[in-house]
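Report on the structure
Residue strings, one per chain:
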Amino acid sequence: MSDPRPVPTESTNVSRRRFLEIGGAGVAAGSLLTMLDARQAPAQIKGTSLRMLLWSHYVPAYDVWFDKFTKEWGDKTGVKVRVDHMPHLELPARYAAEFAAGSGHDLIYFVGQILTGQYYRNLVDLSDVADGLGKKYGGWLEASKSAAQVNGVWYAVPDFFISIPVLWRKDLFASIGMGEPKTWDDLRKAAGQLKGKGHPTGMQFSHCNDANHNWRALMYCFGVKETDPSGQNILIDSKEMRESLRFGKALYDEGMTPEVFSWDDASDNRFLASGVASWIHDAISAFHSTRLTNPKVFEQTFVVPEVAGPGGRWNVGEPNVWAIWKFSKNVPAAKEFIQYISDNQKEAMEASLGYNMPFLKDQYKKPMPYLGQDAKLAALQDQEKLTAFLGFPGPMTPPAQEVVTTFIIPDMFTKVARGASIDDTMKWGVGEIRRIYAKHKAS
Amino acid sequence: MATVIVAPRSHKSKELRRHTLIYLGLMPFLVLAVFPILWMAITAIKQDADLYLVDAVPFWFRQAPTWKNFDFLFHNTSYGDWIVNTMLISFWVSVITLLTAVPAGYALARLRLPFAENLGIGIFMTYLVPAIILFIPLARVVSTLDLQDSWWSLVIVYPTFTIPFCTWLLMGFFKTVPFEIEEAAMVDGCGQLGALLRVVLPVSWPGLITATIFSFTLSMQDFLYSLAFVSISDQKPVPLGVATELIRGDIYFWGSLMAGALLVGVPVAIVYNLFLDKFITGITGAAIK
Amino acid sequence: MTQVSLGGPPPPGSLSVPVGERAWAVSRWRTPTARRYLFGYALLAPAVLYVALLVGVPFVFSLYLAMSDAAVGAPVARFIGLENFASALENAVFYTAVRNTLVFTVGAGILKGLLGTMLAFLLLQPFKGRKIVRALIVIPFTLPIAVSVLGWKWMFDSQFSVINWALSRLSLIGNYGSPDWPVWLGQPALALFSVMFVNVWRGFPFSAIVLLAGLTSVPPEIIDAAKVDGATFLQRFRMVIVPMIAPILFIGTAFDTVFTLSDLSIVYLLTNGGPDGATEILPTLAYNTGIRGGALGRGAAISLFLFPLLLPAMILLLRTLRRKQY
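Residues numbered from 1 in each chain as written. Chains lettered and ligands numbered in written order. Predicted model: local features only at pLDDT ≥ 70, side-chain atom pairs only at ≥ 80, totals over all residues.

Our focus in this paragraph is the interface of chain B and chain C. With 90 residues of chain B at the contact, the number on the chain C side is 85 residues. Looking at side-chain class alone, the side of chain B that touches chain C contains 70 nonpolar, 14 polar and six charged residues. (Contact = placed C-beta atoms within 7 Å. Nonpolar A, V, L, I, M, F, W, Y, C, P; charged D, E, K, R; others polar.)

Next comes the structure, spelled out in structure tokens:
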């Protein structure tokens, strides 16, 4: 089903690399380079068609840029490109249908819910592209392997990850004599005092995507490990997990209102924009949207990459990776595109208003696009040092995925916030996680 | 019924009292049904920032009302395409549904067939098979027919849930057609099929219309199938298009969402209501015969 | 109203069979009965075939999935018998989901029946503006479900809920931030009630219409006869009207129940089963486990779980109904 003709990516990589050396490594993906890039693209993809499916980016301007960017690539290379966008939570259903149908898009995108582990037998081996990119841009972040590799083989190519920092109101903190929060205790203290003044905080205790990320950030900062690095052994039944549950309950009791039980992914954005929130733990899309809907609040909103807990400082990111179905009829063009967009990461980061965080080490050279220019966001340039993904420190395996989609962690925190004992909650939660892992091992 | 000579004035006041009681009784239902619709309509012409003002009145405007949301709907999304798709899909689904459910309903209502009862129950049982599992093998069917990402895939799939319901509905309608009419036609040399086509169908046209309307509304309820089978923007039906393109992560374009819903829901309600009359008089008429 | 119109065609040998040369039909297939059967099955064939191919076959496939360890990326898998069903029973959330599903379906069904009946009676009366009222009442049902549910999501919002705004202006509850500000989708019992409420909001117009049709088909003479006999309104309702509209009522309820049981959209869009399983129903649990979580086999088992219970119940209901009609 895939293209029988050989893909000469090696030769094009070499010629590009040589050109980089000649042209000077300081030149980023300027238009000169992209023009030459196009000339190096294999002629055989000309006249073919490529279909790709992505998510609807949380920063709408990015999709506008991306669609234009892709069309230009298509014009340059002679490939007829079609780009479809879909809300990321619905992508798994669509992929299940495409897989069952044996047809659909060529190039697909996993966001947050990383399905590499589920579909790897039906995805094209992308080691050539990934290794090439790694060599070219200083290597991949260690965490990137979690989302894109299975058994050490690259079945996906990481694109960006989304980091979820702390957004806080400087004026409100100042009113209680606090400066920039550095630890989870700071956040707890601030919320506790500001709640009385009508400015509580909020983190979702519900069945939504952010709930999975936010509570894991707390957990990892308290030193909780979900599994060991192999992903096989469950380590979540620990003293640290109990501590984090205890802290979560305290944070709720002291600093939040019951409305957080009904929150969805967008509720904390609205909370911030309404002027009520003292701080939220959310991706910077909230930062950007508040700029539009409530400029007064925006003026006072600042960003901290993450706060520390007794177990360290860990920020939970949401990875986005590219993959190609084996049944695709145009694997070469898909690989070409992955190469192309990866070479233009700086432009993409700019277009995303700093939302997209790269996986390639060289892209962290300062100043980074957009983040380097915005004083409030500058600290995010070091985000890669703090980033962990779901399942940490293990990879994002299918059982880890199922734990995520059945919302076990948010449910555990909800139970304690509502008054259940830590013991009962641990027994339930750990039991459920063990059960899921056992089921996956059996098959 | 007792006949009493009533003075005109007290008759009028009786009418007034009757009307008042009815309106009072209807109030809760109207509030229940209409309050959300009214709110949706107002939201559709509100500016985005106006929605997020905590102390503002939801039923009035802090910032000037705007047609921007409708504008956005038609210029920044393929809403026009979506409406056309939805109408076309519903049309074809109704055609398929009528072509299959009318004969089936007639057969089950009129002809005493062995196993008919079980077949009827069997068709009904299909609703218990959950769509969240069905869509996977159906994806295979859709791709075999090469209809993936086209709204025609939905035309093939939607009858799976309109046919059972409409079969029952039409069965009910056909049962109320007096048998003498058919007899008369058959005596005239029509044959069973002729009787069906020439006599029964014309008389049951309220039932046919009702089945069509239900096909329409049932088709507009689906979300999962359209999500799984259609990803190209201009092939989407309204519910899918609105839900996938007017929500970007954590940004809900509430104004346009509400506008999108009302633009398609209200006309259907109006048409529905026009034929509701026929539906009811049709049944009543048939019953009185 | 004659009795004949309720039944099927008269027995063979009567008016429908022309007397004459066909009277001594030779082959079995030429008898009127056989012809009727052939005709009948031919008429049934399109519907049955359509449904058998597009639902029946996939249903068998889903049974296979439910009894295998299939995953989304590997649908051809080992047969493991009833293990998936057993593993569903090991999951504590499963019991919550079953309970919620039953509460949701039965509760919403009762509410829809009650509201539908009341509304149907009101709409039966002639009054000025009846047409407009009917048009307005029908709108909740005609709006596409995905979008109207999203509208409700905003109406139930924890901060900006228009319902809370209205209630607090009427001094029935406190202001935002006070303890009696309802968090419709956050407090467990309230959340389940809210999702039920949306289902009822959408469905009661449908119930009212079906009931209205049934009520208008009751001949006024029978009601008058009952009035003459001295029956009170309630007695008339119970003894005369209910039995006459029973068939339409039962079937309408049956369909509505089945639609409600398999409906994913309302809960998925409002709470996705949260908080902490308060609104988890079997369809959402099956979807999150099977499709988003990738464990197809177990997801299929969860979604098919009620099937063995519902199938006999439906059969019983429909059989009883058919007998009643004769």
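Looking now at the domain arrangement of chain B. Residues and elements named next belong to chain B. Domain boundaries assigned for chain B yield domain 1 (11–66) and domain 2 (77–288). Each partner contributes to the interface: domain 1 provides seven residues, whereas domain 2 provides six residues. For the side of domain 1 that touches domain 2, the elements supplying multiple residues, two or more each, are helix H1 (8–44) and helix H2 (48–51). Examining the composition of the side of domain 1 that touches domain 2, we find that four residues originate from one element, H1, more than from any other. (Domains from an automatic or database assignment. Helix = DSSP H or I, 4+ residues; strand = E, 2+ residues; numbered from the N terminus.)

Moving on, we get to the nonpolar core. Counting residues in each nonpolar core, the largest one holds 312 residues, and the members touching the most others are Ala97, Ala156 and Val157 of chain A together with Phe135, Ala139 and Leu257 of chain B. With 16 residues, the single largest contributor to this core is helix H7 (residues 188–216) of chain C. Not counting residues within four places of it along the chain, the set of residues in contact with Ala156 of chain A comprises Phe110, Thr116, Leu123, Leu126, Ala147, Ala148, Val321, Trp322 and Ala323 of chain A. (Core = buried A, V, L, I, M, F, W, Y, C linked by C-beta atoms within 7 Å. Buried ≥ 20, exposed ≤ 12 C-beta atoms within 10 Å, placed from the backbone.)

Residues and elements named next belong to chain B. On average, chain B scores 81 in pLDDT, and the residues at 70 or more come to 88%. When pLDDT is averaged over each helix and strand of chain B, the minimum, 68, is found for H2 and the maximum, 94, for helix H7 (residues 152–157). Throughout residues 282–289 the model reports pLDDT below 50, and contacts reaching past four residues in sequence, or to other chains, amount to 17 contacts. Across the whole predicted complex the pTM is 0.85, and at the interface the ipTM reaches 0.84. (pLDDT = per-residue confidence, 0-100.)

Accessible area lost upon the coming together of the parts serves often as the stated size of an interface. Tallying the contact residues gives 26 residues for chain A and 24 residues for chain B. Of all the secondary structure elements, the ones that give two or more residues to the side of chain A that touches chain B are strand E2 (80–86), helix H4 (91–101), helix H12 (267–273) and helix H13 (285–293) of chain A. With six residues, H4 of chain A is the single largest residue contributor to the side of chain A that touches chain B. Class assignment for the residues of the side of chain A that touches chain B results in 12 nonpolar, nine polar and five charged.

Take the packing of helix H10 (residues 209–221) of chain A against helix H11 (residues 239–255) of chain A next. Residues and elements named next belong to chain A. At a minimum axis separation of 9 Å, H10 and H11 run at an interaxial angle of 125°. By the angle class used here, H10 and H11 are oblique. As for how H10 packs across H11, the hand of that crossing is right-handed. Counting all contacts with H10, which are made through Trp215, Leu218 and Met219, the residues of H11 involved are Met241, Ser244, Phe247 and Gly248. (Axes fitted to C-alpha atoms, helices over the stretch in contact; angles between N-to-C directions. Parallel < 35°, antiparallel > 145°, perpendicular 65-115°, else oblique. Left-handed = near helix turned anticlockwise from the far one by under 90°.)

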